[in-house]
Amino acid sequence: MYRVFEALDELVTIVEEARGVPMTSGCVVPRGDVLELLDEIRDAIPGELDDAQDVLDHRDEVVNKAAQQAEHSITSSRAEAEQTITEAREEADRLLAEARARAERMVADAEAEAERIAAAARHEYEDAVGRAESEADRMIQAGRASYERSVDEGRAEQARMVDQTEVVRAAHSESARVVDAANQEAARLRSECDAYVDSKLGEFEDLLSRTLRTVGKGRAQLRGRGGPSHDTVFDYAEEEPVGPRPTRHRGGY
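Residues numbered from 1 in each chain as written. Predicted model: local features only at pLDDT ≥ 70, side-chain atom pairs only at ≥ 80, totals over all residues. Heavy atoms only, no water.

As annotated in an unreviewed UniProt entry, the chain carries the name Cell division septum initiation DivIVA, interacts with FtsZ, MinD and comes from Allokutzneria albata.

Quick look at the structure:
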């Protein structure tokens, strides 16, 4: 490549030193020397320039081919992206369906468990009420028998001592005391029976409340995972500290 510039410099020197033609701007140069320098320049030009010229000559063809390849790549990428999106949507729908089915199964299991607990609590309540009523009847019967026995004893004692004024008054007093004591004992037994039944009812009420709160928590957790559902929303009471309920007494007799 250096020889090309050197030959060009020599051509310039020849032209500058050439003898001018009178009355014109032309000059007389040695043809042989100029042709020889031009041949040297032609031989010294690298082959890459011819390749570059070929590229320039085929520029439009190369650009069109590159555009076609780019369009093909874009079309293939778009089709692949659409297929990927479709597969992702199908996978998401499948996972959503599985999650919904699993949530429905959990809700059904929770409802079945709640019904079982409620049935067991109802059975326990009925047994407790039956036992309490039986105990109350037994206590009342025992109190009534004790009262009647005391009255009979008082009457017998009164009849035996009917002629003895002081003894009669004492018998009346003892009979009245026994009757009052029997009445008080019967009232106490009834009050204890009512307190026992009320306590069992309070325990059953606590059991039902805890059961409803457990079911409410489970359904709230399911709604938090799966998003809003079309199930009916039930409002449950806020949690209360778990502990023994205070005994509630009804009015006395």
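And the narrative resumes.
Participant: Is there a simple way to explain the overall build of the chain in this structure?
Facilitator: Along its length, the chain carries five helices and two strands. Going from N to C terminus, the chain has its helices and strands arranged as α-β-β-α-α-α-α. Within the chain, contacts between residues separated by at least 24 positions form 67% of all contacts whose residues are at least 6 apart in sequence. As displayed, the chain has an accessible area near 19,600 Å², and 53% of this comes from carbon and sulfur atoms. (Helix = DSSP H or I, 4+ residues; strand = E, 2+ residues; numbered from the N terminus. Contact = heavy atoms within 4.5 Å. Areas by Shrake-Rupley, 256 points an atom, 1.4 Å probe, with all protein chains shown as cover.)

Participant: What am I meant to see in the environment of Leu222 here?
Facilitator: Mapping Leu222 onto the fold places it in helix 5 (residues 165–226). Its relative accessible area of 12% is what places Leu222 among the buried residues. It is 9.4 Å that separates the C-alpha atoms of Leu222 and Arg100, two residues lying 122 residues apart in sequence. With residues up to four places along the chain from it excluded, the contact list for Leu222 reads Ala103, Met106 and Val107. (Buried < 20%, exposed > 50% of the residue type's maximum accessible area, 1.4 Å probe, protein only.)

Participant: Would you mind showing me how to read the packing of aromatic side chains here?
Facilitator: Working definition: an aromatic ring pair is given by the centre-to-centre distance plus the angle between the planes. Throughout the structure, instances matching the rule amount to one aromatic pair. Taken together, a centroid distance of 5.3 Å and an interplanar angle of 25° make the contact between Tyr125 and Phe204 stacked. Here Tyr125 is found in helix 4 (residues 59–160), whereas its partner Phe204 is found in helix 5, with 79 residues between them in sequence. Residue class for Tyr125 comes out partly exposed when judged on its relative accessible area of 28%. (Phe/Tyr/Trp six-rings, centres within 6.5 Å; stacked < 30°, edge-to-face > 60°.)

Participant: What exactly am I supposed to notice about the environment of His172 here?
Facilitator: Take His172: it is sitting in helix 5. Classification of His172 as partly exposed rests on a relative accessible area of 42%.

Participant: Explanation requested: the nonpolar core in the structure shown.
Facilitator: Side chains of nonpolar character tend, in soluble globular proteins, to be buried together. In terms of nonpolar packing, the biggest core is built from eight residues, these being Val4, Ala7, Leu11, Ile14, Val34, Leu37, Ile41 and Ala44. Going through the elements one at a time, helix 1 (2–17) and helix 2 (31–44) are the ones with two or more residues in this core. Sequence-distant contacts of Ile14, that is, excluding residues within four places in its chain, are made with Val29, Pro30, Asp33, Val34 and Leu37. (Core = buried A, V, L, I, M, F, W, Y, C linked by side-chain atoms within 4.5 Å.)

Participant: What's the story with the pattern of salt bridges in this structure? I'm lost.
Facilitator: Close approach of charged atoms allows side chains of opposite charge to pair. Under the criterion given, the structure shown has eight salt bridges. With its nearest N and O atoms 2.3 Å apart, the salt bridge here joins Glu91 to Arg94. Linking Glu91 with Arg94, this pair stays in helix 4, spanning three residues, or about one helical turn. The exposure class of Glu91 is partly exposed, given its relative accessible area of 36%. (Salt bridge = Lys/Arg side-chain N within 4 Å of Asp/Glu carboxyl O.)

Participant: Help me understand the confidence of the model for the chain in this model?
Facilitator: As a general rule, the predicted coordinates of low-pLDDT regions are not to be interpreted in detail. Mean pLDDT over the chain stands at 77; residues scoring 70 or higher make up 79%. Mean pLDDT across the secondary structure elements of the chain bottoms out at helix 3 (residues 47–57), with 64, and peaks at helix 4, with 84. (pLDDT = per-residue confidence, 0-100.)

Participant: In this structure, what is going on with helix 2? I would like to understand it.
Facilitator: Along an α-helix, residues three or four positions apart point the same way, because every turn accommodates 3.6 residues. Counted at 1.5 Å a residue, the expected span for helix 2 with its 14 residues is 20 Å, and the 20 Å between its end C-alpha atoms agrees. The complete set of buried residues in helix 2 reads Val34, Leu37, Ile41 and Ala44. One side of helix 2 carries all its buried residues, which in axial view fall inside an arc of 95°. Those residues of helix 2 that are exposed and aimed more than 90 degrees away from the buried face are Arg31, Arg42 and Asp43. (Expected span 1.5 Å × (residues − 1). Arc of directions from axis to C-beta.)

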